Amino acid sequence: LVLAATLSAARIVGGPLVGLRAEYFASEQPAGAPVVAGIDPQPGTSALLERWRGATPDVFSVRWFGALAVTRPGRYTFALSSDDGSALTVDGVR
């Protein structure tokens, strides 16, 4: 199982959709046209299984991206968890 998750920003807030835009690829790197795409209200294992209809391919990657609405100044913590690697990018900074 290969999971490469890239979170380019945090959460789409407001408007008709709430969540992150998701692109699922049947390859180790998220490139080319995604096999499946949509809005994931809560990116994670449950979203992965739902998009892949209960069984992920042996090799796949997913890219989640969106925008973050910061309503108060302060320090924010982002966390990622995966078994084969993940990366977080905010405003183009990894």
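Residues numbered from 1 in each chain as written. Predicted model: local features only at pLDDT ≥ 70, side-chain atom pairs only at ≥ 80, totals over all residues. Heavy atoms only, no water.

**Q** How should the nonpolar core be read in this particular structure?
**A** Side chains that are nonpolar tend, in soluble globular proteins, to be buried together. Grouped together as the largest cluster of nonpolar side chains are nine residues: Leu20, Ala22, Tyr24, Ala47, Leu48, Trp52, Phe60, Val62 and Trp64. When contributions to this core are tallied by element, the ones reaching two or more residues are strand E2 (20-25), helix H1 (45-51) and strand E4 (61-65). (Core = buried A, V, L, I, M, F, W, Y, C linked by side-chain atoms within 4.5 Å. Buried < 20%, exposed > 50% of the residue type's maximum accessible area, 1.4 Å probe, protein only. Helix = DSSP H or I, 4+ residues; strand = E, 2+ residues; numbered from the N terminus.)

**Q** Can you help me understand the pairing of E2 in this one?
**A** The two faces of a sheet get side chains in turn, since along a regular strand they alternate between them. Across the six residues of E2, five count as buried, placing the element largely inside the fold. Strand direction decides the pairing type here: E2 and strand E3 (residues 36-40), joined by five bridges, are antiparallel. When the bridges of E3 are listed, glutamate 23 appears paired with alanine 37. Of the strand pairs in this sheet, E2 and E4 are connected by five bridges, and their pairing is antiparallel. Within E4, the position partnered with arginine 21 by the bridge is phenylalanine 65. (Pairing = 2+ DSSP bridges.)

**Q** For this particular structure, what's the right way to read the environment of alanine 67?
**A** Its place among the elements puts alanine 67 in the loop between E4 and strand E5 (86-88). A relative accessible area of 44% means that alanine 67 is categorised as partly exposed. Residues alanine 67 and aspartate 91, spaced 24 residues apart in sequence, show a C-alpha to C-alpha distance of 9.5 Å.

**Q** Help me understand unusual backbone geometry in this model?
**A** Most peptide bonds are trans, and most residues other than glycine sit at a negative phi. Phi is positive for arginine 53, which is not a glycine, with a value near 55 degrees. Residue position: arginine 53 is located in the loop between H1 and E4. Non-glycine residue aspartate 91 carries a positive phi angle of around 50 degrees. Along the chain, aspartate 91 turns up in the segment after E5. With a relative accessible area of 76%, aspartate 91 lands in the exposed category.

**Q** Any chance you could explain the packing of aromatic side chains here in plain terms?
**A** Aromatic ring pairs are reported here in terms of the distance separating the ring centres and the angle at which the planes meet. Considering all chains together, one arrives at three aromatic pairs under this definition. Within the aromatic cluster, the residues linked to one another by ring pairs are Tyr24, Trp52, Phe60 and Trp64. (Phe/Tyr/Trp six-rings, centres within 6.5 Å; stacked < 30°, edge-to-face > 60°.)

**Q** I keep staring at the pattern of salt bridges and nothing clicks. Help me out?
**A** Pairing is possible between side chains of opposite charge, provided their charged atoms come close. Applying the stated criterion across every chain yields a total of two salt bridges. Across the pair arginine 63 and glutamate 23 runs a salt bridge whose closest N-O atoms are separated by 2.7 Å. You can see arginine 63 sitting in strand E4 and its partner glutamate 23 sitting in strand E2, a full 40 residues away along the chain. Here aspartate 40 ties to arginine 51 by a salt bridge, and the two come within 2.8 Å at their closest N and O atoms. One end of the pair, aspartate 40, is in strand E3; the other, arginine 51, is in helix H1, and 11 residues separate them in sequence. (Salt bridge = Lys/Arg side-chain N within 4 Å of Asp/Glu carboxyl O.)

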